Amino acid sequence: MKKIWIVYLLLIGFFLLYVLDYRSQSQLNEQWKTAGLRGEIDEKYVMVTFQMGIDYWKSSLKGFEDAAQALNVSVEYRGSTQRDIHEQITVLEQIIAKRPAGIAISAIHPVDLTETINKAVDAGIPVVLFDSDAPGSKAYSFLGTNNYSSGVRAAQKMAELTNESGQVAVVTTPNQQNHQERTDGFLATIQRDYPEMKVVAVKNGKGDQIYSRQSAEEILQDYPDIAGIFATEANGGIGVAEAVRENGRDQRPKIISFDTDKGTLDLVKNGDISATMAQGTWNMGYWSLQFLFSLGHDRNTAQIAGMPPVPEQVDTGITVVTRHNVDDYYAK
Amino acid sequence: MRNNFKSAGIRHLSFNNLPIRYKLIIHFLLISILPSIGLGFLIHWTVDRVLDRQVTNNTLQLIGKVNESLETYVENLQNMTFLVAFNPDVQRFLESDRELGSLQESAQEEDHYDIRKFLQGFTTLHSEVAGIMIVNSDGKYISNEMYARTESDLTRESWYQEAVRNKGIFKIVGHPNERNVTNHVNYKNSEVVSAVRAILDPDTQQVKGVVLIDLKLRVIAETAQDVRLGKTGYLTVIDSNGELIYAPSDPYIEHIPLEWLNKDSSGTHSHQADGRKLQFIYRVSPFTNWTTVGVFATEDSILEIREIRFYVVSFVFVVCLLGMTASFYLAHSISRPIGQLMSFMQKAQSGDLTIRYWGDRSDEIGLLGRRFNEMLLQINRLISLTERQEQQKREAELSSLQAHIKPHFLYNTLDTIHWVARRKGAVDIAEMAESLSKLFRIGLSKGNVIIPLSDEIEHIRSYLQIQHVRYQNKLDYVLMVDPAVQELSVLKLILQPIVENAIYHGIKERRGPGLIEVEAKEQGSNLVMTIRDNGKGMTEEQLSKLHRALEQVVSSEAEPGAGRSPREDWANQTAGAVRRGQETKGYGILNVQARLRLTFGDKYGLSLASTLGEGTVVTVTHPLIRDEYNLNGVDR
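Here the structure is a predicted model, which means the values were calculated and not measured.

K.L.:
Mind laying out the overall build of chain A, listing which residues take part and the relevant values?
P.N.:
Counting secondary structure elements, chain A contains ten helices and twelve strands. When each of the 332 residues of chain A is scored for burial, the buried share is 53%. Within chain A, contacts between residues at least 6 apart in sequence are counted, and of these 72% link residues at least 24 apart. Total accessible area computed for chain A in this model is approximately 15,200 Å², and 51% of it derives from carbon and sulfur atoms.

Right, dumping it as C-alpha cells:
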C-alpha cells in the first residue's frame, strides 16, 4: 500500500511541476507583453490643434509621437485647418464619437470649447489641454507655457537689450488668450519695473507674417525712435524682422520673437532678431500623452485621496534664445 | 505432459503468475489511462496541425492587409508629388533658373511664401508626412520642415540622383542615410522613410527638379505592430535591397537575407538563426517593392496550443488519478476476499477444520465462501464417519480378542489335559486336547489380525480334527489348499465360523456321514476360499433371509443415509442384522462378512449358495495379500 502512495506523490508532484512551469511561462509572456509601461497598439490617442499645418505644432506632435513610441500606443493628429472655432468643435465632436483612449487639445478659445471638452470627459475619455488652456473645462490637466511669466521674461530681456529706456511696441494676436497673457505680462512688467520705458503701441499681427510686417511698418512709421518690438509669435517675428530690415535705419529696433522655427532661428543667427522665446513644445506633446496614458490606465491608484490624478498645471518652461545659444536649437 | 504444460506457461508470459490484484490493476490502468493518453496525444497533434495551418493562412491574410494599407500610404505620397508638381508656383520655382532675372526678387519671395503655404496644406491633411522638400535643378530648395545642413549642392545627393535615374517614376529610397538634409522637428533617420520623384519637362524630358517626401515610420510601425502573431511572432518590413524598413524593438533576427525570401511573391521559409529555428511567412508588395515578413520562433508554439495542451495534460492527470484510485479500489475489493478465502483454505489445509468463512457478500466470492463452509462441513462429517467406522472395527476386533482371552486359560488347561491324557494312554483325549490347544493358539495368534493362510488352514484342520473326534464317523473333511497360495496372508478367523456353521447346521442335521471340503486357490486377482458341505442345506426362505442379512451389512456401508446420522443408521442396521443372525444361525457368518467388508471394502466378502437336502457352498473372496506386515502396518 505504501507503493501506491509513492506513485500518487510522484504523479501529483510531476503535475504540480508542470503547472508551475506553465504558470511561470505564462507570466514570462505577460512580462514580455507588459515590459515597462506599455499599452496596446490599438489604443488610439488623438492630438487636436487648430491651424494644424503650421510648424509650431510639429514639435508638440513629435513629442506626442515619441511618447506613443515609448508606450506602444498609436496616435492620431487632427484639428481645424484654420483658426476656426466651429471647425475645431466639429472635429472634436467627430473624435469623441470615435471614442479614442484620450484626447490632448490645444483650445482655440478659452470658453467656447469648454462644453465640448466636458462632453468628452463625461463620456469617460481622458482629456488634457496643452499650449492653450480652457480653464473652465473639466479637462484633467493643462500643460503649457506660463504665458504671463513668459511675457515677463520677454520684458526683462527687452529692458536688458535697450538699457532699460525708450519706447517699445508689441505685435500680437489680441483675441487669443495665450498671446494676450504674454502681452499682459510684458506690459505690466515694463510699467512696474522699468519707469524709463514706455509701451507705445500694441498692434494686431493676426499670427501671420504679412499682417505682422504691415503692423511693424506702421509702428516704424508712427514711432521713428522705437527701441524694441516684441512679437508674441513666430510668424509675427519674421514679419517684423522683414519690416525692420526693409526700413533700413541705422539704429534698428531690437526684436524679441517667440518660438524656434527655422526662419526665426536663421534671423537670430544673423542678428535680425535679438532674442526669441523657446517654449517646451516637445514636452507639451510628450507629457500630454503620458498623462493621458496614466489617466486611462489608472496608474495613480496609490495616490493620496483628494489629490488630482495628474498635476492640474504644468509649466513646460521657457528659454531665451540669443545668438550665443541659437546653434543648440537647430536640428542635428 | 508436465513439460508441455510448463513450456505453455512460459509462453503465456509470467503474466499468469502475477497475483490477481496486479492483474486487475494493470487491466484497469490499461483501459483507463492508455486511451486517455492516446486521446490527449491525438488532440494535441490535431490541434497543433490545424492551428498551424490556420495561423499560416491568417498570417498571410494579415500580411496582405498590411501590404494594402502600406500601398495606400505610398500611393498617397505619390499623389502628393504629382499635386506638388502641378502647382504653378512650384512650376515657376523649378524654372526660375532658366528665366533668371525675369522675376523680381520680392515676387520670388512671395512665390516661395505661397509654396510654403501650399506645402503646409499637405502636412495639415496628412500627419504621416514628416516633411516635403522641393529641389530644383540648381540645387535650390523650398521646404517648411527640412533644410540642408551645409551649402553643398543638393543635386549631387544620392537620393536626387536616384530620382533622376528613375525618370519621373516614383521611388522609395528607404531610410535617409547620409544625406545632407535635416528635419527641423528632429525626426531621426531611423524614424522616416524617404520617397522621391523627379519632375520632368514633358517636352524635353529634362529633369526640372525633385520632390522629396519623408514618411513617418510610425505609420508603418502602427500598421505592422497592430498585428500580433502567435505568442512572440511579429511583422517586419524590408525593402527590395534587404534593408530594414521596420522592425520591432527586440527582433529575433537583426537582418533577414533577401535570398531566403525572393523565390516567390509570397510563401513560407524556415531557417536556423541564432541557435533557434525561425519561421518566416512573407509576401511582397509589387507596388512598394517591400516585403512584409512574419517572423516566428518555431519552438514557441502558439499560445492557444499551449493552453489546449495544458487542459489535455490536466485531463490526463485527473483520469490517471481517478483511474488509479478506482483500479486500486476495485482490485482491492475483488482480490482481498479472494485472499481471505485463500488463507481460510490454507488454514483448513493445515488441519484446522473448524475454520469458517464469515461474510454477507452475495457475489461469487460470497458463494464460494459458503460452498467452502459446506465443503468443510461435509469433510467433518466424513471424518467423523471414518472415525466411527474405525471404532467399529476396533470394537469388532476387541470383541474377537475378548472371545480369545477366555480360551487362553482353556488353552493352558487343555495342554495340561493333553499331557495327562497321554500319560494315562487315552489317545483320543490327548489328540483332541492337542487339537483344541492348537486351535486356540492360532485363534489368538498373538493378537494379530492378519495371519498366514497356512495358519488359518491349520486352525481349521485343528477345529475339524476336534469335530471329527466328536462326531466320529459322521464327519469327514478334505482340505485342498493350492501350494501357491500357502504363503498368502488372510484375515484371521474367517473360515472357522463358516465351517462351524456347516457342521452345526449342515452335517449335524443330516443323516449319515457328511463331508466338508475346504478349498483355497487363486482366482483372477483374488484369493477364493470355498467351504462346501453336503449337509441339510437351507430352504429358499432361509437362504434369502441370510442373503438380505449379508447385503444389509453391505448396504449400511455403501449408503450412509441422507438425513439421519449415518453412525446411528449403521449401528441400527448392524445391530438388527446381528440380532436376526442370533435368531437364525448367521452370527458367525455376518461377523466374518462385516470384518471382511470393513477391512477390504465392498468388493470382498461372502457369497452363499445352498440347496435344501444337498448342501451349502460358501465362497469367501479375499484380496491377495503377499506381505502381511504391509497390511498390518496400514491397518494399524
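We are not done yet, so read on.
K.L.:
Before we move on, can you summarise the packing of helix α10 (residues 453–471) of chain B against helix α11 (residues 496–507) of chain B with the specific residues and values?
P.N.:
All names here are of chain B. At a minimum axis distance of 10 Å, the contact between α10 and α11 shows a crossing angle of 20 degrees. As summarised for this structure, α10 and α11 are arranged roughly parallel, according to the angle between their axes. In the crossing of α10 with α11, the sense of the turn from one axis to the other is right-handed. Residue-level contacts link E456, H459, I460, Y463, L464, Q467, R470 and Y471 of α10 to Q496, V499, E500, I503 and Y504 of α11. When grouped by side-chain class, the residues that make up the contact of α10 with α11 number seven nonpolar, three polar and three charged.

K.L.:
Break down the interface of chain B and chain A for me, with residues and values.
P.N.:
Contacts between the two partners involve 43 residues from chain B and, on the opposite side, 48 residues from chain A. Inspection of the chain B/chain A interface yields four salt bridges. Residues K58 of chain A and E145 of chain B are paired through a salt bridge, measuring 2.2 Å at the closest nitrogen-oxygen approach. Contributing elements (two or more residues each) for the side of chain B that touches chain A: α2 (20–86), α4 (105–125), β5 (181–183), α6 (217–225) and α7 (303–349) of chain B.

K.L.:
Tell me about the environment of G242 of chain B, and name the residues and values.
P.N.:
Residues and elements named next belong to chain B. Considering the arrangement of structural elements, one finds G242 in the loop between β8 (234–238) and β9 (244–246). In this structure G242 comes out as buried when scored by relative accessible area, which is 7%. Expressed as a C-alpha distance, the spacing of G242 and I256, which sit 14 residues apart in the sequence, is 7.1 Å. For G242, the contacting residues outside a window of four places in its chain are H255 and L258.

Rules used in this analysis
Residues numbered from 1 in each chain as written. Chains lettered and ligands numbered in written order. Predicted model: local features only at pLDDT ≥ 70, side-chain atom pairs only at ≥ 80, totals over all residues. Heavy atoms only, no water. Helix = DSSP H or I, 4+ residues; strand = E, 2+ residues; numbered from the N terminus. Buried < 20%, exposed > 50% of the residue type's maximum accessible area, 1.4 Å probe, protein only. Contact = heavy atoms within 4.5 Å. Areas by Shrake-Rupley, 256 points an atom, 1.4 Å probe, with all protein chains shown as cover. Axes fitted to C-alpha atoms, helices over the stretch in contact; angles between N-to-C directions. Parallel < 35°, antiparallel > 145°, perpendicular 65-115°, else oblique. Left-handed = near helix turned anticlockwise from the far one by under 90°. Nonpolar A, V, L, I, M, F, W, Y, C, P; charged D, E, K, R; others polar. Salt bridge = Lys/Arg side-chain N within 4 Å of Asp/Glu carboxyl O.

Without other data, these values stay purely geometric and don't point to any function.
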